[in-house]
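Listed below are the residues making up each chain.
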Amino acid sequence: MIPEVARAEGALLHLADGRILIDGISSWWVTTHGHCHPRIAAAIAEQAGRLDQLIFSGYTHAPAETVARGLIDLAPRAENRDPLAHVFFSDSGSTAVEVALKMALGTWHNRALDGLGPPRSRVLVLEHSYHGDTIGAMSIGERGVYNRAWAPLLFDVGTIPFPVAGKEQATLDGLEAACAAPETPACFIVEPLILGAGGMLVYPPAVLRDMAAICARHDVLFIADEVMTGWGRTGTLFACEQAGIVPDIMAVAKGITGGAIPLAATLANGRIFDAHKSQHRSRLFYHSSSYTANPIACAAAVANLAIWREEDVRGRIATLAEGIAQRMSELARHPAFAHPRQCGTIAAIDLITPDAGYLSDLAPRLRAFFQERGLLLRPLGNTIYLMPPYCLTAEQLDGIFAALIAAGDRFGVQA
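Calculation rules
Residues numbered from 1 in each chain as written. Predicted model: local features only at pLDDT ≥ 70, side-chain atom pairs only at ≥ 80, totals over all residues. Heavy atoms only, no water. 1 Å grid on protein atoms, 1.4 Å probe; cavity = no way out; pocket = protein on both sides within 12 Å on 5 of 7 lines; lining within 4 Å. Points joined across faces, edges and corners; volume = space filled by probe spheres on them. Helix = DSSP H or I, 4+ residues; strand = E, 2+ residues; numbered from the N terminus. Domains from an automatic or database assignment. Pairing = 2+ DSSP bridges. Axes fitted to C-alpha atoms, helices over the stretch in contact; angles between N-to-C directions. Contact = heavy atoms within 4.5 Å.

## Digging into the layout of surface pockets
Okay, step 1: If you add up the space inside the largest pocket, you get close to 600 Å³.
Okay, step 2: What lines the largest pocket is a set of 26 residues, among which W28, W29, Y130, D133 and A197 lie closest to the centre.
Okay, step 3: Elements represented by at least two residues in the lining of the largest pocket include exactly α1 (26-29), α4 (93-113) and α12 (362-372).
Okay, step 4: Per element, the largest residue contribution to the lining of the largest pocket is 3 residues, and it comes from α12.
Okay, step 5: Both of domain 1 (5-30 + 312-411) and domain 2 (45-310) provide at least three residues apiece to the lining of the largest pocket.

## Some thoughts on the sheet that holds strand β16 (residues 383-386)
Okay, step 1: Pairing within the open sheet is antiparallel, and its 3 strands lie in the order β13-β14-β16. Looking at which strands have only one partner, the edges of the open sheet turn out to be β13 (337-343) and β16. The sheet shows a mean angle of 15° between the axes of neighbouring strands, direction not considered.
Okay, step 2: With 4 bridges joining them, strand β14 (residues 346-351) and β16 adopt antiparallel strand pairing. Bridge assignment links D350 to a residue of β16, and that residue is T383.
Okay, step 3: Most of the contacts of helix α11 (residues 313-331) go to β13, to which it runs at about 165°, and overall it touches β13 and β14.

By themselves, these observations are geometric and do not establish any function.
Laid out in structure tokens, this is it:
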């Protein structure tokens, strides 16, 4: 029977039958400060009574303007790099990625119309990536269980090997070769520092920095998908900050509203914007959504930005990350687990089992096991991961790791 959640507060989900679950994955990676945060909830309620919806074409409103300015102010910056000074609103992470792809290909199309080189359409992706479930986003994700049924709809991409620890040079060499090919790629898109649905695979900031440098050297647009990694998950506001890079295009969503309500944005630099700026309507950037920059969602985002400015969110993140690291070091000594890894407040570990992989039959059994112990955890096959809201207490964290140890005792095959 599917549990019914009646209400939520902080890191806790209150079920209709009276049980309480600790939300260890931020309800699919979206909730940052905690469920039903008072400042965000109040902003939503207040905005709903003033302006609920507005066509965002030829019109604007104050919450959207405030969010756009806030995103530009918070976006990664670096010397000698064109800043992310333009914001395009949408309504989900997948859509933000689709917009990023359209921006990249549209840039080269319009430059070709101006006689500035041939059009480019080749897209490069990182092995094991996941960028969403719309057609374009599936096309640039790992081919397999997520999208096998829709293979005829997907376009071809060039895949760069994932930077496995100790073999990072193979990734850089592969990217260098792909960028130097006769058909110069239009763009390269990555999940910075950690791949989410691909198995919570971590790679170092130095590799991210080197990949961005290769793209810059070959004039290949670099797209950072910060939908999951943004808003503090990796320890910094955006993962790109740790590599000291500024992408040409960056997609954000999930935590942009603190996770309370859907909203997304795609940030771009001046070069991307200028390529679509024209008196000829045929060259404009055509993309629309009925709920683009919805005022209620933008009001939630305004409140979220205020929380980041006015509260010690970074301190909470640092404390949570340290607490996870301490407990992960203990869990890693358990003989049933392997490959512990962490990136900020995201941590993952593999439960040793002969039935490994995303479709492992172990996953549904683990979900039920954790639910019985008062936890919402959703393993990726035999990979158990944590991505909790930043309000998680030390006591709640202890409860999560006690359940992880119990899961290893019950389900694990000792190495």
